[in-house]
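Coordinate analysis (summary)
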Amino acid sequence: MSTITVVGGTGYAGSAIVREAASRGHEVVSFSRSVPAEEARVDGVRYETGSMLDAEARLRAVTGSDVVVSSLSPRGELDGRIVEADLALAALAAEHGVRFGVVGGYSSLRLEEGGPRQADTDQLPPEFASEAKQMNEVLELLGGTDDSLDWFFVSPAQLFGAYAPGEARGEYRTGGDRAFTDAEGVSAVSGQDFALAIVDEIDTPKHRRAHFSVAY
Ligand SMILES: NC(=O)c1ccc[n+]([C@@H]2O[C@H](COP(=O)([O-])OP(=O)(O)OC[C@H]3O[C@@H](n4cnc5c(N)ncnc54)[C@H](OP(=O)(O)O)[C@@H]3O)[C@@H](O)[C@H]2O)c1
């Protein structure tokens with residue numbers, strides 16, 4: 001059993017991850033600025049509050065954890081400041097010997113072998129461009145850290161998010177930094193199946209200091 005802290009554990013991806021981790025008997029802590037309503041809380045999860053823009057809250061989030069997963073999004077007060085928050089968490093994780101995972105975006109994937117990451121091109125839907133570029137910067141900076149940080153960065157499928165929750169199938173596939181699709185040419189994954197992949201990675205690490213993708 002591990003102690004897993006999910007910062008942004010009340011959001012779309014984060015809440016699916018805390019639910020899956022708690023169901024496997026891990027000790028799970030969620031950090032966000034507000035605690036969800038009683039009916040939205042997951043049994044067994046400890047809900048802590050604090051902003052990841054605050055150094056004291058970041059220290060509380062990392063201390064005592066085996067793994068910290070950042071499922072923050074570059075929206076609201078984190079728009080323009082996600083890099084600062086995630087990199088500060090990463091530095092603390094390295095210092096405390098804690099594994100650090102980041103839920104990023106589809107746009108950090110390469111659409112063709114040897115090609116650029118989508119976030120580095122002008123082929124981004126304008127409504128996602130800023131978010132995509134900020135999360136891609138987090139990935140690039142993680143790639144530049146030294147071996148004292150055990151990190152992973154996950155890109156979900158293209159069809160993933162609160163607007164496309166999907167259903168639990170109990171399956172998923174992982175890939176490297178190149179986007180892939182199912183037999184119908186669709187890149188999708190539900191929140192629950194994405195969470196399976198994240199907690200499987202925590203239970204049995206296969207991607208150390210690496211970027212990987214999750215889709216059907
Ligand atoms: N297809 C795709 O590529 C795709 C689609 C969706 C999401 N994503 C990525 O997945 C990641 C997670 O996105 P999401 O949609 O799950 O996010 P979300 O639903 O917006 O959740 C964000 C979480 O962060 C918390 N939060 C916000 N500001 C905070 C702060 N300053 N300090 C601490 N906690 C804070 C929120 O709770 P409070 O507001 O209570 O603090 C919430 O728990 C992002 O990197 C996003 O880009 C990718």
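Every chain is numbered independently, its residues counted from 1 as its sequence is written. Thresholds applied to this predicted model are a pLDDT of at least 70 for local features of residues and 80 or more for the giving and counting of side-chain atom pairs; totals over whole chains, interfaces and linings are not thresholded and use all residues.

**Description of the site of the ligand**
Any residue whose C-beta atom, as set from the backbone, lies within 6 Å of a molecule or strand is reported as near that molecule or strand. Taken together, 32 residues lie around the ligand, and Gly8, Gly11, Ser32, Arg33 and Gly161 are the ones closest in. At 3 residues, helix H1 (residues 12-23) tops the list of elements feeding residues into the shell around the ligand. Here the nonpolar group is Ala, Val, Leu, Ile, Met, Phe, Trp, Tyr, Cys and Pro; Asp, Glu, Lys and Arg are the charged ones; every other residue, Gly included, is treated as polar. A per-class count over the shell around the ligand returns 14 nonpolar, 14 polar and 4 charged. Helix numbers and strand numbers start at the N terminus; a helix is a DSSP run of H or I with at least 4 residues, a strand a run of E with at least 2.

**A few points about the nonpolar core**
Joining buried Ala, Val, Leu, Ile, Met, Phe, Trp, Tyr and Cys residues through C-beta atoms within 7 Å gives a set, and that set is a nonpolar core. In this scheme the burial state of a residue depends on its C-beta neighbours within 10 Å: 20 or more other such atoms mean buried, 12 or fewer mean exposed, and anything in between means partly exposed; the C-beta positions come from the backbone. Grouped together as the largest cluster of nonpolar side chains are 56 residues, with contacts concentrated most on Ile17, Val68, Leu89, Phe194 and Ile198. Ranked by residues supplied to this core, first place goes to helix H5 (residues 191-203) with 7 residues. Placing C-beta atoms from the backbone, we regard two residues as in contact once those atoms come within 7 Å. Apart from residues no more than four positions distant in its own chain, Val68 is found in contact with Thr5, Val7, Ala61, Val62, Leu89, Ala93, Val98 and Phe100.

**Here we look at the environment of Arg19**
The topology assignment puts Arg19 in helix H1. With residues near it in sequence (within four places) discarded, Arg19 still touches Val42 and Ala195.

**Brief notes about the pairing of strand E4 (residues 67-70)**
Because side chains alternate across E4, one face comprises the buried residues Val67 and Val69, and the other comprises Val68 and Ser70, equally buried. At least two bridges found by DSSP between two strands are what make those strands a pair. Summarising the sheet, strand E1 (residues 3-7) and E4 pair through 4 bridges and their orientation is parallel. When the sheet's bridge partners are listed, Val6 is paired in E4 with Val69. Two elements, E4 and strand E5 (residues 99-103), share 4 bridges in a ladder whose sense is parallel. Following the sheet pairing, Val68 is matched in E5 by Phe100. Call a crossover right-handed when, viewed with both strands pointing away from you, the route from the first strand across the helix to the second goes clockwise. Remark: the E4/helix H3 (residues 82-96)/E5 crossover connection has right-handed handedness.

**Some points on unusual backbone geometry**
Despite not being glycine, Arg209 has its phi angle at roughly 50°, a positive value. Within the secondary structure, Arg209 sits in the loop between H5 and strand E8 (210-215). The class of Arg209 is partly exposed, set by 14 C-beta atoms lying within 10 Å.

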